[in-house]
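# Structural features, examined
What follows is the residue order along each chain.
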Amino acid sequence: MRPFRLAFLACLSAVSLSACASRPPEQVAAAKLAFAPEQKPAVAADIMAFPGPRRGLAGRTIRVTRESDIVLARGEVVLTFDDGPFPGRTSSILNTLDAHGVKATFFMVGAMATAHPGLAREVAARGHTIGTHTQGHPNLASLSFDAAMAEIDKGRNSVKAATGTTARFFRFPYLASTAALRRQLASQGIVDVAPTVDSKDYFSSSPEQVRARALSALARRGSGVVLFHDIHQRTASMLPGFLDELKARGFSVVRLVPGKDSSAPLVAAVTPSSIPQ
């Protein structure tokens, strides 16, 4: 295993799980998150202008066969979690999502799914959408095309072995992609789901800071695909209050699922009682 992969996995296993040393500096992360505007631009107004509060937080389901299918109306949010699963933190997040009646997309690192297969399978069993995030979280833009595709394929195979799900969604580590890799994934029916709101929960922050940062970004944009990480305790801790605030402000949480022309099942055909411990 390459040294940078060992460093990443060691970081994930650390008790504190503050931002990994392999994370790019904030300015690099911001450059990678050069988000395109929504197809329906949000009005620059206070987020409290949304109709609400709603009776429930759960919104519609979008079937996605290509990235352009992800078009959000004002007040719609997609929740995504990268880098897990991780014992304790992922379970806490799953319980919070259940309590609020909403679904998310989890972009799993293959090595983490292999290390915690029961937890990975539980994510699928609870009805969340499964995506992949490579095997060991390298910067794919720094690898050769063949090496990068091998890393993607290995991660997809590891996640499938753990969850029983053939994932059709993918996210590039550090959001570092190339045109050739994006074309190859598209030719295989794999959708690159890029975030449009970065919570920056990978920086050393308090739960309240993560919550405020994500809400502020949503206030500016009016909607968005939010990037979180289920390996951080700060994220698990802030999530209940974050979702309560979304509901109070009239947001709805949209669920992404693979399109109808995908031959892959959305989730594994398992029940919680069948999840290995």
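The structure this text deals with has already been given above.
Notes on the structure follow.

Calculation rules
Position numbers for residues start from 1 in each chain and track the written sequence from start to end. The predicted nature of this model means local features are confined to residues of pLDDT at least 70 and side-chain atom pairs, given and counted, to a pLDDT of 80 or more, with totals for whole chains, interfaces and linings taken over all residues. No hydrogens and no water enter the side-chain calculation; it runs on all heavy atoms of the structure. Only runs of H or I of at least four residues qualify as helices and only runs of E of at least two qualify as strands under DSSP, and these elements are numbered from the N terminus. Throughout this description, a polar contact denotes any pair of N or O atoms lying within 3.5 Å of each other; where both atoms belong to protein, one of them has to be capable of donating a hydrogen while the other can accept it, and for residues adjacent in sequence the pair is counted only when both atoms sit in side chains. Should any heavy atoms of two residues lie within 4.5 Å, those residues are counted as being in contact. Salt bridges, as used here, are contacts in which a Lys or Arg side-chain nitrogen is within 4 Å of a carboxyl oxygen on Asp or Glu. The rule is simple: take the accessible area with a 1.4 Å probe, protein chains only, and divide by the maximum for that residue type; under 20% is buried, over 50% is exposed, in between is partly exposed. Take the buried Ala, Val, Leu, Ile, Met, Phe, Trp, Tyr and Cys residues and link them wherever side-chain atoms come within 4.5 Å; each set so joined is a nonpolar core.

## Concerning the side chain of His-133
- Residue position: His-133 is located in the loop between β4 (129-132) and α6 (145-163).
- Side chain to side chain, His-133 and Asp-83 meet in a polar contact 3.1 Å long.

## Focus: the side chain of Arg-211
- Its place among the elements puts Arg-211 in helix α8 (residues 207-221).
- Within polar-contact distance, the side chain of Arg-211 engages the side chain of Glu-208 at 3.0 Å.
- Excluding anything up to four places from it in sequence, Arg-211 contacts Met-238, Gly-241, Phe-242 and Glu-245.

## Some words on the pattern of salt bridges
- Enumeration according to the criterion identifies eight salt bridges in this entry.
- In this structure, Arg-126 engages Glu-122 in a salt bridge whose closest nitrogen and oxygen atoms are separated by 2.5 Å.
- Where Arg-211 meets Glu-245, a salt bridge forms, and the shortest distance between an N and an O atom there is 3.6 Å. With a gap of 34 residues between them, Arg-211 in helix α8 and Glu-245 in helix α9 (residues 233-248) connect regions that are remote in the sequence.
- By relative accessible area, which is 21% here, Glu-245 ends up partly exposed.
- A cluster of three or more residues bridged by salt bridges with shared partners is formed by Glu-208, Arg-211, Glu-245 and Arg-249.

## Let's talk about the nonpolar core
- Grouped together as the largest cluster of nonpolar side chains are 35 residues, with contacts concentrated most on Leu-79, Leu-97, Phe-242 and Leu-246.
- Of all elements in the fold, only β2 (76-82), α3 (89-100), β3 (105-108), α5 (117-125), α6, α8, β8 (224-229) and α9 reach the threshold of two or more residues within this core.
- If one sorts the elements of this core by residue count, α9 sits on top with six residues.

## Things to note about the environment of Ser-199
- Summarising the element assignment, Ser-199 is placed in the loop between β7 (197-198) and α8.
- Along the sequence, Ser-199 and Leu-218 sit 19 residues apart, while their C-alpha atoms lie 9.9 Å from each other.
- Ser-199 has contacts with Val-210, Arg-213, Ala-214, Leu-227 and Phe-228, leaving out every residue within four places of it along the chain.

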